[in-house]
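Spelled out from the first residue to the last, the chains are:
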Amino acid sequence: MEQLIEKIKNDGSVLSSSILKVDSFLNHQIDPDLMNEIGSEFARRFSGSGITKIVTIESSGIAPAVMAGLHLQVPVVFARKRKSLTLVNDLITASVYSFTKQESNEISVSSKFLSENDKVLIIDDFLANGQAALGLAEIVNKARASIAGFGIVIEKGFQDGGRLLREEGYRVESLAVIHSLKNGIVEFEITEEG
Ligand code: G4P
Ligand code: NA
Ligand code: NA
């Protein structure tokens, strides 16, 4: 997605050879026009897939997921990382391992919001090692809903997540794929617009 790639080039910064900082439009401050375009692009790529629901994870997945939900006209559910006071019954959970923190955390969704009739699009801001994405897939599978695919805003192609998901047979649509962050330079992979 050209507009997103331009935004990353202009406003992103390389923190290390593996971390891209995009807090001025995605992870802290949010650019609503860009999110709207991102949602529209996800909707275009998954139109005709019979999506009934979008599932994402707090916090940075929510903005692109809501915009995709608006364009696809389906509800958006976000998995929680901490247990909510009012959300205690019938939780579907998955354990997500973080390589950076070297710890596992439970993520959860109420079973009330997923059913076996749902066809789910899973959206997240970043795809790195894929552990969060796999955790979300586990939750959707536990609910016996089906997974239409993954919509990722920024995939880091040099980490394993994309390969893991595609090896599992999932459709993965990433709007920008980063090939390398070496020497402080963002190099993109050439992707086919799906
Ligand atoms: P990891 O084990 O590879 O570290 O991945 P993990 O899924 O635990 O990711 C930790 C957090 O870092 C996630 O956000 C993820 O979206 C984010 N992340 C991974 N790679 C990058 C990157 O290159 N740049 C940026 N900006 N973020 C990255 P989170 O902690 O869940 O935070 P949030 O969703 O509340 O923002
Ligand atoms: Na994040
Ligand atoms: Na995220």
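It should be emphasised that the depicted structure is a prediction, and the values quoted were computed from it without experimental measurement. (Residues numbered from 1 in each chain as written. Chains lettered and ligands numbered in written order. Predicted model: local features only at pLDDT ≥ 70, side-chain atom pairs only at ≥ 80, totals over all residues. Heavy atoms only, no water.)

Visitor: Explanation requested: the site of ligand 1 in the structure shown.
Guide: Residues in close proximity to ligand 1 total 16 residues, the closest being Ser60, Lys81, Phe99, Thr100 and Asn129. Measuring from a nitrogen atom of ligand 1, one finds a backbone N or O atom of leucine 20 at 2.6 Å. Contact with the protein chains covers 76% of the free accessible surface of ligand 1, which is 710 Å². The class makeup of the residues in the shell around ligand 1 is 5 nonpolar, 7 polar and 4 charged. (Near = heavy atom within 4 Å. Polar contact = N/O pair within 3.5 Å; in protein donor to acceptor, adjacent residues only side chain to side chain. Areas by Shrake-Rupley, 256 points an atom, 1.4 Å probe, with all protein chains shown as cover. Nonpolar A, V, L, I, M, F, W, Y, C, P; charged D, E, K, R; others polar.)

Visitor: What is the right way to look at the coordination of the sodium ion (ligand 3) in this model?
Guide: For a metal with four tetrahedral donors the ideal donor-metal-donor angle is 109.5 degrees, whereas six octahedral donors ideally subtend 90 or 180 degrees. Note on the sodium ion (ligand 3): its protein donors are Asp124 (OD) and Asp125 (OD). The metal-donor distances range over 2.3 to 2.7 Å. Metal-to-metal, the separation of the sodium ion (ligand 3) and the sodium ion (ligand 2) is 3.8 Å; aspartate 125 coordinates the two. Aspartate 125 shares its class with aspartate 124; the two are buried. (Donors = N, O, S within 2.8 Å, 3.2 Å for Na, K, Ca; no water. Buried < 20%, exposed > 50% of the residue type's maximum accessible area, 1.4 Å probe, protein only.)

Visitor: Before we go on, may I ask you to explain unusual backbone geometry in this structure?
Guide: Most of the time, phi is negative for any residue but glycine, and the peptide bond is trans. At the junction of glutamate 58 and serine 59, the peptide bond is cis and its omega measures out at -5 degrees in the coordinates. Mapped onto the elements of the fold, serine 59 is located in the loop between strand S3 (53-57) and helix H3 (62-72). Phi is positive for glutamine 73, close to 60 degrees, though the residue is something other than glycine. Residue placement: glutamine 73 occurs in the loop between H3 and strand S4 (76-79). Notably, glutamine 102 is not glycine yet its phi reads approximately 50 degrees, a positive angle. With respect to the helices, strands and loops of the structure, glutamine 102 is situated in the loop between strand S5 (91-98) and strand S6 (103-110). Residue classification places glutamine 102 among the exposed residues on the basis of a relative accessible area of 62%. (Helix = DSSP H or I, 4+ residues; strand = E, 2+ residues; numbered from the N terminus.)

Visitor: Help me understand the packing of helix H2 (residues 32-46) against H3, please; the structure alone is not making it clear to me.
Guide: Pairs of packed helices are described in terms of their axes, by the angle between the two and the distance that separates them. At a minimum axis distance of 7 Å, the contact between H2 and H3 shows a crossing angle of 55 degrees. In terms of their interaxial angle, H2 and H3 are classed as oblique. Note that H2 runs across H3; the crossing there is right-handed. Contacts between H2 and H3 involve Pro32, Met35, Asn36, Ile38, Gly39, Ser40, Phe42 and Ala43 from the former and Ala63, Pro64, Met67, Ala68, His71 and Leu72 from the latter. Residues belonging to the contact of H2 with H3 are distributed by class as follows: 10 nonpolar, 4 polar and no charged. (Axes fitted to C-alpha atoms, helices over the stretch in contact; angles between N-to-C directions. Parallel < 35°, antiparallel > 145°, perpendicular 65-115°, else oblique. Left-handed = near helix turned anticlockwise from the far one by under 90°. Contact = heavy atoms within 4.5 Å.)

By themselves, these are just geometric observations and shouldn't be taken as functional.
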